[in-house]
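Inside the fold
Residue strings, one per chain:
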Amino acid sequence: MKKTAKYSTACQVLTFPHSSQEQLYSELNRLGWYWQPDKKEWERDDTPAQLATKLIKIRVWAAKEIVEDAAELFLDNAQSNGLRLIEKSSPYPCRPPKQLESRIYLTFEDITNSNES
């Protein structure tokens, strides 16, 4: 495993048998610890959790000539699986050096579990 600052600090915060860095990071997150890259430290946050959103947001990123078709694939599949389209953006061209690519943002609402709170 790579001895990054994130990993070294994680090992100091939590002694936990792990076979990968992601396993250790997941356990820290489960316990309320979050990595602050600007400070290069793990911080504990005990803020009570809010209810999860019923929205599903997808960014479709592809070559500008196929991004619309790629977005349509997600649209058709999502709608046939109980998601309702709320918003579809126009294609946003990427900045150089990725100017031959574009992004489309899709926002869906999960209506299959709309009776749950």
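1. Thoughts on the environment of Ser-80
Within the fold, Ser-80 resides in helix H3 (residues 67-80). We classify Ser-80 as exposed; its relative accessible area is 58%. Measuring from C-alpha to C-alpha, the distance between Ser-80 and Gln-12 comes to 47 Å, with 68 residues separating the pair along the chain. In this structure the side chain of Ser-80 is engaged in a polar contact, spanning 2.9 Å, whose partner is the backbone oxygen of Asn-77.

2. Structural notes on the packing of aromatic side chains
Pairs of aromatic rings are described using the distance from one ring centre to the other and the angle between the two planes. For the structure shown, the criterion picks out 3 aromatic pairs. Both rings, one in Tyr-25 and one in Trp-42, keep their centres 5.6 Å apart while their planes meet at 40°; by these two values the pair is tilted. Within this pair, whereas Tyr-25 is found in helix H2 (residues 21-30), its partner Trp-42 is found in strand E2 (residues 41-44), the two being separated by 17 residues in sequence. The exposure classification of Tyr-25 matches that of Trp-42, with both residues buried. Look at Tyr-92 and Tyr-105: their rings are 5.7 Å apart centre to centre, the planes differ by 70°, and that puts the pair in the edge-to-face class. Taken together, the positions of Tyr-92 in strand E5 (residues 92-93) and Tyr-105 in strand E6 (residues 101-110) put the pair 13 residues apart, joining distant regions of the chain. Following the ring pairs from residue to residue traces out a cluster consisting of Tyr-25, Trp-35 and Trp-42. For the cation-ring pair, Arg-103 lies above Trp-61, with the distance from its terminal atom to the ring centre recorded as 5.6 Å.

3. Side note on the pattern of salt bridges
For the structure shown, the criterion picks out 6 salt bridges. We note a salt bridge from Glu-68 to Lys-88, for which the minimum N-O separation is 3.1 Å. Of this pair, Glu-68 sits in helix H3 while Lys-88 sits in strand E4 (residues 83-88), and the two are 20 residues apart along the sequence. You can call Glu-68 partly exposed: its relative accessible area is 35%. Residue Arg-84 pairs with Glu-109 through a salt bridge whose shortest N-O separation is 2.3 Å. With Arg-84 in strand E4 and Glu-109 in strand E6, this residue pair connects regions lying 25 residues apart in the sequence. Among the charged side chains, a salt-bridge network with shared partners connects Glu-68, Glu-72 and Lys-88.

Parameters and conventions
Residues numbered from 1 in each chain as written. Predicted model: local features only at pLDDT ≥ 70, side-chain atom pairs only at ≥ 80, totals over all residues. Heavy atoms only, no water. Helix = DSSP H or I, 4+ residues; strand = E, 2+ residues; numbered from the N terminus. Buried < 20%, exposed > 50% of the residue type's maximum accessible area, 1.4 Å probe, protein only. Polar contact = N/O pair within 3.5 Å; in protein donor to acceptor, adjacent residues only side chain to side chain. Phe/Tyr/Trp six-rings, centres within 6.5 Å; stacked < 30°, edge-to-face > 60°. Lys NZ or Arg CZ within 6 Å of the ring centre and 35° of its normal. Salt bridge = Lys/Arg side-chain N within 4 Å of Asp/Glu carboxyl O.

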